[in-house]
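Residues per chain are reported as follows:
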Amino acid sequence: LRITYGLFTRVTATIPLGRVQTLTVHQGWLHRWFHRASIRVETAGGQAGAAVRDREWVAPLIRVEHVAGLVSAIVPEVALGAVEWQAVHPRAFRRAVRRALAVVALFSAIAFSALGPRALILVLPIVAWTIVSTRQHVKHLGWSVTNDMVAFRSGWLRRSETVIRVNRIQAVTSYESPLDRRARMARVRVDT
């Protein structure tokens, strides 16, 4: 995979396809408006620093209709359009909104102590936004596992889909708090 960038200083980098650990497709709301996406890869080895971070943007801006072709060229065992996404636990929204509203309650207490009843003008829209935002966040979470890859998607304003080759996974960690165990939920982290 060869990447060239730079206006005055031209930089050309080569990434061996076998070193690609993860591939992520990003789409912000402006990307979606213009039917575009960005593709980034993380590689094994190499040096840390700004040059490596810049080089990992394989396609800073690409048409949506070309995404599947580029993804299949980089990670041939993955058909991104054919991924069967699994939704998160049905009670995930309830858990997430409780946590978010706890933060809003703290903010509200500070606002009420400073502004009195006028704080409702600030607090009510924030509560409504928190509920809508959390609902959309949980709605757009998803995961998929096949013999060849593990995939994760998130975001509703700025969406991202990350694909990890199974043979590149170094560690899998499961997190369960007492509340997680009670609700029969867990968080899983995959490290490459």
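What this report covers is the structure whose coordinates are included nearby. By convention here, each chain's residues receive numbers from 1 onward along its written sequence. The model is predicted, so local features are restricted to residues of pLDDT at least 70 and side-chain atom pairs to those at 80 or more, both for listing and for counting; the totals for chains, interfaces and linings are taken over all residues. As a convention, hydrogens and water are excluded, and side-chain values are obtained from all of the structure's heavy atoms.

Here's the deal with the layout of surface pockets
Now for step 1: Of the grid points, spaced at 1 Å and generated over the protein atoms alone, those admitting a 1.4 Å probe that cannot get out make up cavities, while open sets with protein on both sides within 12 Å along at least five of seven lines make up pockets; any residue with an atom within 4 Å of a point is treated as lining. Grid points are joined across faces, edges and corners, and a volume is the space filled by probe spheres set on the points. Within this model, the largest pocket holds a volume of roughly 1,000 Å³.
Now for step 2: As for the largest pocket, its lining consists of 30 residues, and the residues nearest its centre are Val 88, Phe 152, Ala 186, Arg 187 and Val 188.
Now for step 3: Helix numbers and strand numbers start at the N terminus; a helix is a DSSP run of H or I with at least 4 residues, a strand a run of E with at least 2. The element contributing the most residues to the lining of the largest pocket is strand β10 (residues 187–191), with five residues.
Now for step 4: Charged residues are taken to be Asp, Glu, Lys and Arg, nonpolar residues to be Ala, Val, Leu, Ile, Met, Phe, Trp, Tyr, Cys and Pro, and polar residues to be all remaining types, Gly included. Residues belonging to the lining of the largest pocket are distributed by class as follows: 18 nonpolar, six polar and six charged.
Now for step 5: Size it by volume and the second largest pocket reaches roughly 340 Å³.
Now for step 6: Surrounding the second largest pocket, 17 residues form its lining, Val 25, Gln 27, Val 67, Leu 80 and Glu 161 being those nearest its centre.
Now for step 7: For the lining of the second largest pocket, the secondary-structure elements that each account for two or more residues are β3 (20–27), α3 (64–74), β7 (149–154) and β8 (159–165).

What about the sheet that holds strand β5 (residues 57–63)?
Now for step 1: Strand pairing requires that DSSP identify at least two bridges connecting the strands. Judged by pairing direction, the sheet is antiparallel, and its six strands sit side by side in the order β5-β4-β3-β8-β7-β6 without closing on themselves. The sheet is open, and its two edges are formed by β5 and β6 (142–145), each paired on a single side. Adjacent strand axes in the sheet meet at a mean angle of 15°, parallel and antiparallel pairs treated alike.
Now for step 2: By the bridge criterion, six bridges tie β3 to β8 in an arrangement that is antiparallel. Bridged to His 26 within β8 is Ser 160.
Now for step 3: Here, two residues are considered to be in contact whenever any of their heavy atoms come within 4.5 Å of each other. As a rule, the C-alpha atoms of each element are fitted with a line to give its axis, helices using only the stretch in contact, and angles between N-to-C directions run from 0 to 180 degrees. Relative to the sheet, α3 contacts β3, β4 (36–43), β5 and β8, its axis offset from that of β5 by approximately 150°.

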